[in-house]
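# Architecture and fold: a report
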Amino acid sequence: MSHFSTVKTKLTNRECLIQALQDLKLNPQVYETAQSLKGYYGGSQGKSAEIIVSGHTIKARADIGFKWNQSSSVYDVIHDSYETVPKLGKDFFSNKLMLAYGKHLVRVKAAELQEQFGECAIAEETHGSVQTLRLTFAGHQEVQQYVRR
């Protein structure tokens, strides 16, 4: 039976979420106020979201929504797993989306830290399934020598 499920996440940064969805070629539609989602049978089942990935984008009959949860200050994912899992994979939200989101969030945090630590260089490395972002701040490269007397 097809229906929308709401899943709690750790997604807090709107711009990073939008950029991650764009990186994954999901073409999110962004709204200031929540819009109705289209479900398997055409109705929204009363579900709405501010960031919507149209079901057509993934060749599914139901949309994926990201709704801001005011009480927990995170985005909740609203999706129909009968539609999304076959199209995106079982670990899409916990793995692929979180990796893409994390990359953008690291870059945002690095930009914030530049004021304190100086210019930042970001190196990206991949070893098998492990992906690493290495941040190097100019302030950490200073070497001070002290003379012992």
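Residues numbered from 1 in each chain as written. Predicted model: local features only at pLDDT ≥ 70, side-chain atom pairs only at ≥ 80, totals over all residues. Heavy atoms only, no water.

### Structural notes on unusual backbone geometry
What counts is decided by this rule: Per the convention used, a helix needs a DSSP run of H or I reaching at least four residues, while a strand needs a run of E reaching at least two, with both numbered from the N terminus. Throughout this description, buried means an accessible area under 20% of the type-specific maximum (1.4 Å probe, protein chains only), exposed means over 50%, and partly exposed covers the range between.
Although it is not a glycine, Asn27 adopts a positive phi angle of roughly 45 degrees. Within the secondary structure, Asn27 sits in the loop between α1 (14-23) and β2 (29-36). A relative accessible area of 56% means that Asn27 is categorised as exposed. Unlike most non-glycine residues, Ser73 shows phi in positive territory, near 55 degrees.

### With respect to the side chain of Asp76
Applied cut-off: Counted as a polar contact is a pair of N or O atoms within 3.5 Å, where, for protein atoms, one must be capable of donating a hydrogen and the other of accepting one, and residues adjacent in sequence contribute only when both atoms are in side chains. In this analysis, two residues are considered to be in contact whenever any of their non-hydrogen atoms come within 4.5 Å of each other.
Following the sequence through the fold, Asp76 ends up in strand β5 (residues 74-79). By relative accessible area, which is 7% here, Asp76 ends up buried. A polar contact is formed between the side chain of Asp76 and the side chain of Asn69, at a distance of 3.0 Å. Among residues more than four places away in sequence, those in contact with Asp76 are Thr6, Val7, Lys8, Thr9, Gly65, Phe66, Lys67 and Asn69.

### Digging into the packing of aromatic side chains
Going by this rule: Aromatic contacts are taken between Phe, Tyr and Trp rings whose centres are within 6.5 Å, Trp giving its six-membered ring; a plane angle under 30 degrees counts as stacked, one over 60 as edge-to-face, and the others as tilted.
Scanning the model with the defined rule gives two aromatic pairs in all. Ring geometry for Trp68 against Tyr75: centres 4.9 Å apart, planes inclined by 70 degrees, an arrangement best described as edge-to-face. Judged by its relative accessible area of 28%, Trp68 is partly exposed. Take Tyr75: its relative accessible area is 3%, and that puts it in the buried class. Ring geometry for Phe92 and Phe93: centres 5.1 Å apart, planes at 80 degrees, overall edge-to-face.

### Some details on the confidence of the model for the protein
Here is the rule: Every residue is assigned a pLDDT by the predictor, reflecting its confidence on a scale from 0 to 100.
Across the protein, the average pLDDT comes to 86, with 90% of residues at 70 or higher. Least confident of the elements in the protein is strand β7 (residues 130-137), whose mean pLDDT is 74; most confident is α1, at 97.

### As for helix α3 (residues 92-117)
Note the cut-off: Take the number of residues in a helix, subtract one, and multiply by 1.5 Å to get its expected span.
In this model α3 runs 35 Å from its N-terminal to its C-terminal C-alpha over 26 residues, within 8% of the 38 Å that 1.5 Å per residue would give. All of the buried residues along α3 are Phe92, Leu97, Ala100, Tyr101, His104 and Ala110. Looking at the packing, one finds that the buried side of α3 touches α1, β4 (64-69), α2 (81-88), β6 (120-127) and β7. Two residues or fewer after α3 comes Gly118, characterised by a positive phi angle close to 95 degrees.

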